Amino acid sequence: MGKKILLNVTGSISCYKACALISLLTKKDYEVRVIATEDALKFVGEASFEGLSHNKLETSMFGNDDPIPHIHLAQNWADLIISYPASANTINRLACGLADDLFGAVCLANNFEKPLLIAPAMNTNMFQHPAVQESLEKLKKWGATILPCGDGNLACGTKGIGRLLEPAEAVEFIEKALTGENA
């Protein structure tokens, strides 16, 4: 197997694109493990993530075979961590340093030792809200790579910035981050 990618999927209509990302990564011989929020699982089912990644889905800090999954995933397993899509809620929670869910704890345990990529996806007004913009700036200052959003038709029926980066473009950013190139 190649490098190991830890993919966090949050509750966004665009989380179906995470399935395409997993498929592209596994075809390139990356090993992928997925952390999904409860809201993400309302859009895409557990079987899809497990079938595409060939790994058990992670959803919680508890009930796993591993008693401290946040430490092992962040410090011993992942070569790169990406939140794709990253909802406004996830972005703001990470910027506050919250660790009351598995992904927040993984990010704190990683402490930017391994690349952390954030791929925002949300309505234009949400994306442009000062709280989200300040959180993105804070995460960037701390060491995260913020991936660009697309501009165009959004799932809510409006046009504007906030579209999730396409999976093939996300793969390019992942590969650059793994080789140490500036994204």
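This text gives an overview of the structure that appears in the document. (Residues numbered from 1 in each chain as written. Predicted model: local features only at pLDDT ≥ 70, side-chain atom pairs only at ≥ 80, totals over all residues. Heavy atoms only, no water.)

### Regarding the nonpolar core
Okay, so step 1: With 31 residues, the main nonpolar core has L7, V34, F49, I82 and Y84 as its most contacted residues.
Okay, so step 2: The residues contacting V34, other than those within four sequence positions of it, are L7, V9, I22, F49, S53, K56, L57 and E58.
Okay, so step 3: Formed by 28 residues, the second largest nonpolar core is a distinct cluster that contains A88, L94, A109 and A144. (Core = buried A, V, L, I, M, F, W, Y, C linked by side-chain atoms within 4.5 Å. Buried < 20%, exposed > 50% of the residue type's maximum accessible area, 1.4 Å probe, protein only. Contact = heavy atoms within 4.5 Å.)

### Some thoughts on the pattern of salt bridges
Okay, so step 1: Evaluated as defined, the whole model comprises 6 salt bridges.
Okay, so step 2: For K28, the salt bridge identified is with E175, shortest N-O distance 3.4 Å. Taken as a pair, K28 in the loop between α1 (16-27) and β2 (31-36) and E175 in helix α8 (residues 167-179) lie far apart in primary sequence, 147 residues in all.
Okay, so step 3: Among the residues examined, K28 registers a relative accessible area of 46% and is labelled partly exposed. (Salt bridge = Lys/Arg side-chain N within 4 Å of Asp/Glu carboxyl O. Helix = DSSP H or I, 4+ residues; strand = E, 2+ residues; numbered from the N terminus.)

### Topic: unusual backbone geometry
Okay, so step 1: The omega torsion of the bond from Y84 to P85 falls at -5°, within 30 degrees of zero and hence cis.
Okay, so step 2: Its location among the elements puts P85 in strand β3 (residues 80-86).
Okay, so step 3: For F112, which is not a glycine, the phi torsion comes out positive at approximately 65°.
Okay, so step 4: As for its placement among the helices and strands, F112 is situated in the loop between α5 (102-110) and β4 (116-120).
Okay, so step 5: F112 gets classed as partly exposed once you look at its relative accessible area, which sits at 26%.

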